[in-house]
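Single-letter residue listing:
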Amino acid sequence: MKMGKLLSIQPAYPEQEIIALAASLLKRALLVAFPTETVYGLGANALDPQAVQRIYTAKGRPSTNPLILHINSTAQAKLLASDWPEEADLLAKKFWPGPLTIVLPKSPIVPDLATGGGSTVAIRMPNHPVARALIEASGVPLAAPSANRSLGVSPTRAEHVLQSLGDRVELILDGGPTQRGIESTVVDLTEKPVRILRFGPVTPEDLRNCLKQEVVWGANVADGQIPQPAPGMSARHYSPKTPLSVFESSEEWLRHVTIARPASRRITLFISWPKEQLAPYSEIQCMPSDPAAYAEILYQTLHELDQNQFEEILIELPPKEEEWLAVRDRLTRAAAK
């Protein structure tokens, strides 16, 4: 199979000739995968319906699942929204560029396809030199969901994009591993109080401290609602090929391993801190006890475990505290059937 072209690019000081090449492809309504500080994005001209459709086709993504539009300035963001409340200014000044996506009423210039047919638009300013340079050179906002097949594990390295999309993307810019490791926090400013639609690196406490007001979460929409107000809201998402189950405690997964599964099976136990290996026929994958460090390597670890061809992945969920909500969200959705 012909594979997408992959070019290495300096992450801190991207070469202008490579950026120019990538921008020329985007101007022709073609697809370019590029690094952000969260995950690799599959980029296209957000204002060109033909280009946006290529994203949905390449990913096998439902057309009702909206895309995040990536911008390079607050002025550019304001062109995409029909209303820009005070909360948007506060959040943009505090968290942009960075891993926060703001949902606002969309302006007429935004194609309906980019919003999943909905009346709102999701906007983010990424904090990565390659992404920022590419948006600037393209001269348009870039729609850029994670650069992988729909529902699969998000890519944090260029090789993940290559493995997942192959010849479905014209160019992959390899800027090395991403730093945050999971997707941005998504907040909805179209209603009161402010609602978190997707957990991410920006925590509820971060948002409360910035806005000085109540912040709520939990989807106020039914699963399968059409259109969805934000990406990442499907019950099943971020899933590896290997069957995956999650447990609230070590007692639960230990019971599952020792009673429910025969010793001949290759199982990995995916836990948050070192414990004695009580099941000799399984393998232990210890994860950091710090939520940011855990999030940074989460998808990379799932990709590696998939390649090791385990029969099952068992994950002990981290604590229920607010700082762990993003990691718990990704794990529970990855395990959904």
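Right, let's walk through the structure included here. (Residues numbered from 1 in each chain as written. Predicted model: local features only at pLDDT ≥ 70, side-chain atom pairs only at ≥ 80, totals over all residues. Heavy atoms only, no water.)

**Side note on the pattern of salt bridges**
Per the counting criterion, the structure on display carries eight salt bridges. With a closest N to O distance of 2.6 Å, Arg124 and Glu37 form a salt bridge. With Arg124 in strand E6 (residues 120-124) and Glu37 in the loop between strand E2 (32-35) and strand E3 (40-45), this pair connects stretches of sequence that are 87 residues apart. Overall, Arg124 belongs to the buried group, its relative accessible area being 2%. With a shortest N-O distance of 2.7 Å, Arg333 and Asp329 are connected by a salt bridge. Pair noted here: Arg333 and Asp329 are both in helix H10 (residues 325-335), with a separation of four residues, about one helical turn. The same class applies to Arg333 and to Asp329, which are both buried. Look at the salt bridges and you will find they share partners, linking Glu183, Asp329, Arg330 and Arg333 into a network. (Salt bridge = Lys/Arg side-chain N within 4 Å of Asp/Glu carboxyl O. Helix = DSSP H or I, 4+ residues; strand = E, 2+ residues; numbered from the N terminus. Buried < 20%, exposed > 50% of the residue type's maximum accessible area, 1.4 Å probe, protein only.)

**Considerations on the pairing of E2**
Neither face of E2 is exposed, since Val32 and Phe34 on one face and Ala33 and Pro35 on the opposite face are all buried. Pairing of E2 with E3, which is carried by four bridges, proceeds in the antiparallel orientation. Of the residues in E3, the one forming a bridge with Phe34 is Gly41. In this structure, E2 lies alongside strand E8 (residues 171-174), joined through two bridges in parallel fashion. By the bridge assignment for E8, Ala33 is matched with Ile172. (Pairing = 2+ DSSP bridges.)

**Considering the packing of aromatic side chains**
By the definition in use, this model includes four aromatic pairs. With a centroid separation of 5.9 Å and an interplanar angle of 70 degrees, the aromatic rings of Phe199 and Trp217 are classed as edge-to-face. Separated by 18 residues along the polypeptide, Phe199 in the loop between strand E10 (194-198) and helix H7 (204-211) and Trp217 in strand E11 (residues 215-217) bring together distant segments of the chain. Residue Trp217 is classed as partly exposed on the basis of its relative accessible area, which comes to 34%. Look at Tyr238 and Tyr299: their rings are 6.0 Å apart centre to centre, the planes differ by 25 degrees, and that puts the pair in the stacked class. Highlighted residues: Tyr238 in the loop between E11 and strand E12 (244-247) and Tyr299 in helix H9 (residues 291-307), separated in sequence by 61 residues. In terms of burial, Tyr238 and Tyr299 fall into one category: buried. (Phe/Tyr/Trp six-rings, centres within 6.5 Å; stacked < 30°, edge-to-face > 60°.)

**Comments concerning H7**
Since the α-helix advances by 3.6 residues per turn, residues separated by three or four positions end up pointing in the same direction. What H7 keeps buried is the set Pro204, Leu207, Cys210 and Leu211. Down the axis of H7, the smallest arc covering the buried residues is 130 degrees, so these residues share one side. If you follow the buried residues of H7, they end up packed against helix H4 (86-95), strand E5 (100-105), strand E9 (185-188), E10, E11 and H10. Just downstream of H7 lies Lys212, where phi reads positive at about 60 degrees. (Arc of directions from axis to C-beta. Contact = heavy atoms within 4.5 Å.)

**Topic: a nonpolar patch on the surface**
A cluster of nonpolar side chains, namely Leu47, Leu79 and Ile109, defines an oily patch on the protein surface of about 260 Å² accessible area. On the secondary structure map, Leu47 appears in the loop between E3 and helix H2 (49-59). Owing to a relative accessible area of 30%, Leu47 belongs among the partly exposed residues under this scheme. (Patch = residues over 30% accessible without salt bridge, like charges linked within 9 Å, V, L, I, M, F, W, Y side chains within 5 Å. Areas by Shrake-Rupley, 256 points an atom, 1.4 Å probe, with all protein chains shown as cover.)

**Looking at the packing of H4 against H7**
Axis separation between H4 and H7 bottoms out at 10 Å; the angle between their running directions is 120 degrees. With respect to their mutual orientation, H4 and H7 come out oblique. Here H4 and H7 pass one another in a crossing that is right-handed. Here Glu87, Leu90, Leu91, Lys94 and Phe95 of H4 come into contact with H7, specifically with Asp206, Leu207, Cys210 and Leu211. (Axes fitted to C-alpha atoms, helices over the stretch in contact; angles between N-to-C directions. Parallel < 35°, antiparallel > 145°, perpendicular 65-115°, else oblique. Left-handed = near helix turned anticlockwise from the far one by under 90°.)

**Topic: the sheet that holds E6**
Spatially, 11 strands are ordered E1-E8-E2-E3-E7-E4-E6-E5-E9-E10-E11 in an open sheet, and the strand pairing comes out mixed. Strands with a single pairing partner mark the edges of an open sheet, and in this sheet they are strand E1 (5-8) and E11. Seen against the sheet, helix H5 (residues 129-138) touches E2, strand E4 (68-70), strand E7 (142-143) and E8 and runs at an angle of roughly 140 degrees to E2.

**What about the environment of Thr120?**
Of note, Thr120 is situated in strand E6. Using a relative accessible area of 19% as the deciding quantity, one classes Thr120 as buried. For the pair Thr120 and Lys106, spaced 14 residues apart in the sequence, the C-alpha separation amounts to 4.7 Å. Once residues within four sequence positions are removed from consideration, Thr120 is found in contact with Val103, Leu104, Pro105, Lys106, Thr115, Thr190 and Pro229.

Purely geometric stuff here, so don't read any function into it on its own.
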